[in-house]
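# Fold and contact review
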Amino acid sequence: MLALVACVSVARAEDGYGLWMRYVQADASKVEAYRAALGDVVAPDRTPTQRAARDELQRGLAGLLGVQPRFHTAPAGTAALVLGTPDSSPSLVIFQPELEDIGEEGYLLRQTQLGGQTVVVIAARRDIGVLYGVFHLLRLLQTGAALSDLDVRETPRMKLRVLNHWDNLDGYVERGYAGGSLWDWHTLPEWLDPRYTDYARANASLGINGAVLNNVNANAVSLSSAYLRKAAALADVFRPYGVRVYLSARFSAPMELGGLATADPLDPGVQRWWRGKADEIHALIPDFGGFLVKANSEGQPGPQDYGRSHADGANLLADALAPHGGVVMWRAFVYAHDVPEDRAKQAYNEFVGLDGAFRDNVMVQVKNGPIDFQPREPFHPLFGAMPRTPLMMEFQITKEYLGFATHLVYLGPLYEEVLRADTHVRGPGSTVARVVDGSLDAHALSGVAGVANIGDDRTWSGSHFDPANWYAFGRLAWNPDQSARDIATDWVTMTFSRAPDVVAPVVAMMMGSREAAVDYMTPLGLHHLMARGHHYGPGPWVAGGPRADWTSVYYHRADRHGIGFDRTTRGSDGVSQYAPAVARTFDDVGQVPENLLLWFHHVPWQHRMRSGQTLWTELVHRYGRGAGYVEAMQSTWGGLRGKVDEPRHRHVAAFLRIQRDEAQWWRDASVAYFQSINGLPLPAGETPPPHPRAYYQALQFPYAPGDGR
Ligand code: GCW
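Analysis parameters
- Residues numbered from 1 in each chain as written.
- Predicted model: local features only at pLDDT ≥ 70, side-chain atom pairs only at ≥ 80, totals over all residues.
- Heavy atoms only, no water.
- Helix = DSSP H or I, 4+ residues; strand = E, 2+ residues; numbered from the N terminus.
- Rg over C-alpha atoms; globule rule 2.2 N^0.38 Å.
- Buried < 20%, exposed > 50% of the residue type's maximum accessible area, 1.4 Å probe, protein only.
- Contact = heavy atoms within 4.5 Å.
- Lys, Arg positive; Asp, Glu negative; His and termini not counted.
- Charge placed at Lys NZ, Arg CZ, Asp CG, Glu CD.
- Near = heavy atom within 4 Å.
- Polar contact = N/O pair within 3.5 Å; in protein donor to acceptor, adjacent residues only side chain to side chain.
- Areas by Shrake-Rupley, 256 points an atom, 1.4 Å probe, with all protein chains shown as cover.
- 1 Å grid on protein atoms, 1.4 Å probe; cavity = no way out; pocket = protein on both sides within 12 Å on 5 of 7 lines; lining within 4 Å.
- Sits in = over half its atoms within 2 Å of the grid points.
- Nonpolar A, V, L, I, M, F, W, Y, C, P; charged D, E, K, R; others polar.
- Pairing = 2+ DSSP bridges.
- Axes fitted to C-alpha atoms, helices over the stretch in contact; angles between N-to-C directions.
- Points joined across faces, edges and corners; volume = space filled by probe spheres on them.
- Domains from an automatic or database assignment.
- Phe/Tyr/Trp six-rings, centres within 6.5 Å; stacked < 30°, edge-to-face > 60°.
- Salt bridge = Lys/Arg side-chain N within 4 Å of Asp/Glu carboxyl O.
- Parallel < 35°, antiparallel > 145°, perpendicular 65-115°, else oblique.
- Left-handed = near helix turned anticlockwise from the far one by under 90°.
- Buried area = accessible area lost by both parts, 1.4 Å probe.
- Right-handed = clockwise from strand over helix to strand, strands pointing away.

## A few points about the overall build of the protein
Along the protein, the regular secondary structure elements total 22 helices and 16 strands. Here the C-alpha radius of gyration of the protein, 26 Å, is about what a compact globule of 709 residues would show, namely 27 Å. Its C-alpha atoms give the protein principal-axis dimensions of about 80 × 75 × 50 Å. For the protein, the proportion of its 709 residues judged to be buried stands at 61%. Looking at the protein alone, contacts between residues at least 24 apart form 72% of all its contacts between residues at least 6 apart. Taking the 66 positively charged and 76 negatively charged side chains of the protein as two groups, their mean positions are separated by 2 Å.

Laid out in structure tokens, this is it:
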């Protein structure tokens, strides 16, 4: 009988919808202490955010403690959880001095004495800080923390922590692998799907405080009055959770919507149009966050169409938003087909001279690396190179180049690697994180954006493991110094199980998964070798077409003698865009990190690696090592059958089979291709690809998901 009960609780049906907020009952050893400390809750209930905090506690504590918490609006004379601001919960006024410099979103979470009682306190300056503190407490309970020494003080390091949805108005998500868009524009503003609230809850649990609703390849219709009312309805749902709405703005909207003959940023009529539009938006969405803009990039309109600069364009919108406190997030992802320059250098060349030319409410949003969200890139050379401009980090959470939703690839280590990279612009310790959080150059504005991996799939992100990337993004946006491993540990514990014999192996497999993807796709600094257009699967042979820098051969430059893109001082000189100390390291083939070797150097196939092997031997070895890692994940996961609920176990196991086959496909196609170029025999012990290069090259996938269109 006992065994049956245990079995039933393990077999609880799960579909992933609850994300990391499942709130299953706490460990038996803890539950009594939690009930004693938290069974009574003193919490205000006057504002929507206060009610959101209560609702979350109600849901969370009921699940975790197995009993309904009792809510009070004034101290109940018993041990309790007391939350609020000094205004909303007068008993917390004694925390006023400590809250002085905690920031608008910060909070204290502490076990302490209050009115002669031992209480747990969540105190903040504003309601939103209290809500963040509630989520923090729930995380601690979910992960089994003790309450006795509870003493947390949190302030977010980044001001803007924003998701960028690449969602089109027809419900299609560019580079989305999680179904259709979450936003049902057709039924908005009347129908407010409860899922919108759950989306806001999930974001608030991480401190994500903004969402750009529409694709950067923007449709001007998003700014039409009808669609602004729809966006306003979403903003109303999100507001209690501290999530502000932003919109991608199409630069030519004054022509498309306003009927103007030009979108020239210096034209007074254009300026008037944007001011009017900003006023209209703010009337509907009083806390509107601002605009995200992709201009003069990949065919999008922009100020250069009129001979104006990116600063002219950004300032036009910044001036329109300034009276309302909005910001412009102007993307630096630009590269022109008529510039013969190394694509990795173009954004820097375009923007670095504009440092100081932007209004105070402009941020330049820079992708983490200089090409495009590849499995591994060096940090973007603009970080540290524009000290007078706040630079916003743009990470990609959706895995356009990392196996879509079917590959288990945990991105925490990628984000961590970039944030910890040292730009050396002010000497050692000038990390990318310190550029982006504004501390290096004393900027008031700071921010991180993540291209969302969210859609209408029941799992939210298209698989049971991809929410970990949303989660890690949010946690690192709040505090970029956290460790990807600790974050994974929290996520696994809350998502799958608290059992150490589940948590340890799953965290271990997640932590190596990104390096495995690098290995089976683009080892040793290779990049941009995916199939054309949809980017699904290998395409190292991609050549020709409209532009060289959309081909693979442009990036790997392999021939009979060698491989790699020479960005040294002898080559494209991309290295010189970095601070001298970094440039020297990248420039020297003896010092460059081997994991970026072929990013910066063109070397012979016989180049001696640190392992003592030739480059060719090492390359083939890495491809196989990556595929082998996926097999190891399969066996780890197989061993967890019965310890993880069956529906999710089966789903993940199936996706791992897809990943295994695709990792092998990447390895075989890449080895066959490079062998066809260099004519070298396979290194000893390596299995020959089962097909010749031509076979892989002929594969077609016309309906692969997420393709830009
Ligand atoms: O990598 C490319 C993607 C495009 C995307 C573009 C960008 C939104 O393939 O789909 O367009 O980056 O970031 O603007």
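There's more to say after this.
## Thoughts on the site of the ligand
Among the 15 residues in the neighbourhood of the ligand, the closest are listed as Glu-174, Lys-294, Lys-367, Asp-372 and Glu-400. In this structure, Arg-175 approaches the ligand through a side-chain N or O atom, which is 2.9 Å from an oxygen atom. Interatomic distance of 2.7 Å between a side-chain N/O atom of Arg-331 and an oxygen atom of the ligand. Protein coverage of the free-state accessible area of the ligand, which is 340 Å², stands at 97%. When atoms are counted within 2 Å of each cavity's grid points, the one that captures over half of the ligand is the second largest pocket. Across the shell around the ligand, the residue classes break down as four nonpolar, three polar and eight charged.

## Remarks on the side chain of Asn-678
When you line up the elements, Asn-678 lands in helix 21 (residues 646-678). Since its relative accessible area comes to 6%, Asn-678 is described here as buried. Engagement of the side chain of Asn-678 in a polar contact is seen with the backbone nitrogen of Leu-680, the distance being 2.9 Å. Discounting chain neighbours no more than four positions away, the residues touching Asn-678 are Asp-559, Arg-560, Trp-605 and Trp-616.

## Structural notes on the sheet that holds strand 13 (residues 391-396)
Sheet architecture is closed into a barrel: eight strands sit in the order 7-8-9-10-11-12-13-14, paired in parallel fashion. The sheet shows a mean angle of 25° between the axes of neighbouring strands, direction not considered. Taken together, the five bridges between strand 7 (residues 160-164) and strand 14 (residues 447-451) define a ladder with parallel strand orientation. Its bridge partner lying in strand 14, Asn-164 is registered against Val-451.

## Things to note about the layout of surface pockets
In this model, the largest pocket occupies a volume close to 690 Å³. Lining of the largest pocket is provided by 26 residues; of these, Glu-104, Glu-105, Arg-126, Asn-209 and Arg-244 occupy positions nearest its centre. Secondary-structure elements contributing two or more residues to the lining of the largest pocket are helix 5 (127-142) and strand 9 (244-248). Residue composition of the lining of the largest pocket, by class: nine nonpolar, seven polar and ten charged. Estimated volume of the second largest pocket: approximately 530 Å³. Lining the second largest pocket are 28 residues, and of these Glu-174, Arg-175, Glu-298, His-535 and Trp-550 sit closest to its centre. Both of domain 2 (160-495) and domain 3 (519-565 + 602-698) provide at least three residues apiece to the lining of the second largest pocket.

## Some points on the packing of aromatic side chains
The final tally for this structure, using the stated rule, is 39 aromatic pairs. Relative to Trp-470, the ring of Trp-20 has its centre 5.3 Å away and its plane inclined at 85°; by these criteria the two rings are edge-to-face. Highlighted residues: Trp-20 in the loop between helix 1 (2-10) and helix 2 (28-38) and Trp-470 in helix 14 (residues 467-478), separated in sequence by 450 residues. The exposure class assigned to Trp-470 is buried, which follows from its relative accessible area of 0%.

## Focus on the side chain of Arg-54
Note that Arg-54 resides in helix 3 (residues 48-65). Although Arg-54 is buried, it forms no salt bridge, and the closest oppositely charged side chain is Asp-45 at an N-O distance of 4.2 Å. A distance of 2.7 Å separates a polar side-chain atom of Arg-54 from the backbone oxygen of Ala-43. What Arg-54 contacts, discounting residues up to four positions off in sequence, is Ala-43, Pro-44, Asp-45, Phe-71, His-72 and Thr-73.

## Some points on the sheet that holds strand 2 (residues 70-72)
In any sheet, the strands associate via hydrogen bonds between backbone groups, in a parallel or an antiparallel arrangement. In space, the six strands of this open sheet follow the order 2-1-3-5-4-6, with mixed pairing throughout. The sheet is open, and its two edges are formed by strand 2 and strand 6 (151-154), each paired on a single side. Here the strands of the sheet are splayed against their neighbours by 25° on average, with no regard to which way each runs. Relative to strand 2, strand 1 (residues 40-42) is paired through three bridges, and the arrangement is parallel. Across the sheet, residue Asp-40 finds its bridge partner in strand 2, namely Arg-70. With respect to the sheet, helix 2 is in contact with strand 1, strand 3 (80-84) and strand 5 (117-124), its orientation differing from that of strand 3 by roughly 55°.

## A short note on the packing of helix 9 (residues 268-284) against helix 10 (residues 310-321)
In the contact formed by helix 9 and helix 10, the axes pass within 8 Å of each other and the chain directions differ by 45°. Looking at the two axes, helix 9 sits oblique to helix 10. Note that helix 9 runs across helix 10; the crossing there is right-handed. Of the residues in helix 10, those in contact with Val-270, Gln-271, Trp-274, Arg-275, Ala-278 and His-282 of helix 9 are Leu-316, Leu-317, Ala-320 and Leu-321.

## What about the domain arrangement of the protein?
Taken domain by domain, the protein holds domain 1 (3-154), domain 2 (160-495) and domain 3 (519-565 + 602-698). Computed over C-alpha atoms, the centres of domain 1 and domain 2 are 32 Å apart. Each side of the interface is counted separately: domain 1 has 23 residues, and domain 2 has 29 residues. Taken together, the two surfaces of domain 1 and domain 2 that pack against each other cover about 2400 Å², and 58% of this comes from carbon and sulfur. Summed over the shared surface of domain 1 and domain 2, the result is four salt bridges. Our count for the contact surface shared by domain 1 and domain 2 stands at eleven residue pairs in polar contact (both at pLDDT 80 or more).

## Some details on the pairing of strand 10 (residues 290-293)
In this structure, strand 9 lies alongside strand 10, joined through three bridges in parallel fashion. Within strand 10, the position partnered with Leu-247 by the bridge is Phe-291. When strand 10 meets strand 11 (residues 327-331), the two strands line up parallel, connected through four bridges. Within strand 11, the position partnered with Phe-291 by the bridge is Val-328. Crossover strand 10 to strand 11 through helix 10 is right-handed.

## Considerations on the packing of helix 15 (residues 484-495) against helix 16 (residues 500-521)
Running from N to C, helix 15 and helix 16 point in directions that differ by 135°, and their axes come no closer than 9 Å. By the angle between their directions, the pair helix 15 and helix 16 is classed as oblique. Handedness of the helix 15/helix 16 crossing: right-handed. On the side of helix 15, the interface is formed by Ala-484, Arg-485, Ala-488, Thr-489, Trp-491, Val-492 and Thr-493, while helix 16 contributes Val-503, Val-506, Val-507, Met-510 and Met-511. Residues of the contact of helix 15 with helix 16, tallied by class, amount to nine nonpolar, two polar and one charged.

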